[in-house]
Amino acid sequence: MLVCPVRGCRKPLTREPRRAVCPAGHCFDLARSGYLNLLQPQDRRSKDPGDTAAAIAGRRRIHDLGVTRPLLDAIAQAAHPGPDDIALDAGCGEGFYVGNLRRLAGCAAHGADISVPAVEAAARRYPDCTWIVANADRQLPYADGSFTLLLSITGRLNEPEFHRLLRPEGRLVVATPGPGDLAELRGASAGRDRQERTVALFEPGFRLERRQPVSATAELDAEAIAALRHAIYRPGMGEETARRVTFALDVLEFRRR
């Protein structure tokens, strides 16, 4: 399934106990927590790309409070995974969605993200999934048709690559922030409807099956508000006081054409 990410190689990677190696001799060490870092220099724009450790910790704290459980339930309903599915979360963050789908359905679960802190956190929390560091905006290091189910949860929208990675009639679940998502914290930047643009983006290779908006509200204390501000890269913007906050997604189900 995994292929060598070295430019011009793309030969199959064989997993060994502590490394992965291709027939050309390119070798990648397995991190102590169990993930592979397959990100190549040409696929990064900075020394430490992607979500920071503070953002990951903030997001995980919010998930652990249980306030995003309705969003997870909507994702699970749209994905309807089974034990025979092979799922990839492209831009998986700290692994909350695909890690929980694995626990709920017993599917094979994979996650890719450009952030090392995110993948490290995912590998430690969900060791029965397979995690790699890679750039989901580029060509991911997987063979064609590796997956039956692909997720993009407020993450990357790489239509050609998603089409390549999915098997015929494979399912794609895309979740974009709903118009009311975190409106209490985002202010004027909230309220954009991304559905039509997203549907148009995926039209060449996918047909839309269903749209489902989902939202949840929660009373968060000042500490949780501070964590949430870190998660959305707005630390220090506004007073940290308890308030009611809205979480909203627009969940789109697609089938590969």
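So, here's what we can say about the structure. The model shown is predicted, which means the values in this text are computed figures rather than measured ones.

Scoring rules and cut-offs
- Residues numbered from 1 in each chain as written.
- Predicted model: local features only at pLDDT ≥ 70, side-chain atom pairs only at ≥ 80, totals over all residues.
- Heavy atoms only, no water.
- Helix = DSSP H or I, 4+ residues; strand = E, 2+ residues; numbered from the N terminus.
- Buried < 20%, exposed > 50% of the residue type's maximum accessible area, 1.4 Å probe, protein only.
- Lys, Arg positive; Asp, Glu negative; His and termini not counted.
- Salt bridge = Lys/Arg side-chain N within 4 Å of Asp/Glu carboxyl O.
- Contact = heavy atoms within 4.5 Å.
- Pairing = 2+ DSSP bridges.

Side note on the side chain of Asp 113
And then number 1: One can find Asp 113 in strand S6 (residues 108-113).
And then number 2: Despite its burial, Asp 113 pairs with no opposite charge, the nearest such side chain being Arg 59 at 7.1 Å.
And then number 3: Excluding residues within four positions of it along the chain, Asp 113 makes contact with Gly 91, Cys 92, Gly 93, Ala 118, Val 119, Ile 132, Val 133 and Ala 134.

Digging into the pairing of strand S9 (residues 166-177)
And then number 1: Of the pairings in the sheet, the one linking strand S8 (residues 147-153) to S9 comprises 6 bridges and is parallel in character. What sits directly across from Leu 150, in S9, is Leu 172.
And then number 2: Inspection of the sheet shows S9 paired to strand S11 (residues 243-256) by 7 bridges, in the antiparallel sense. Bridge pairing in S11 links Thr 176 to Asp 250.

Remarks on the environment of His 63
And then number 1: Inspection of the secondary structure assignment puts His 63 in helix H1 (residues 53-64).
And then number 2: The spatial distance from the C-alpha of His 63 to the C-alpha of Phe 96 is 7.6 Å, given a sequence separation of 33 residues.
And then number 3: Discounting chain neighbours no more than four positions away, the residues touching His 63 are Thr 68, Glu 94, Phe 96 and Tyr 97.

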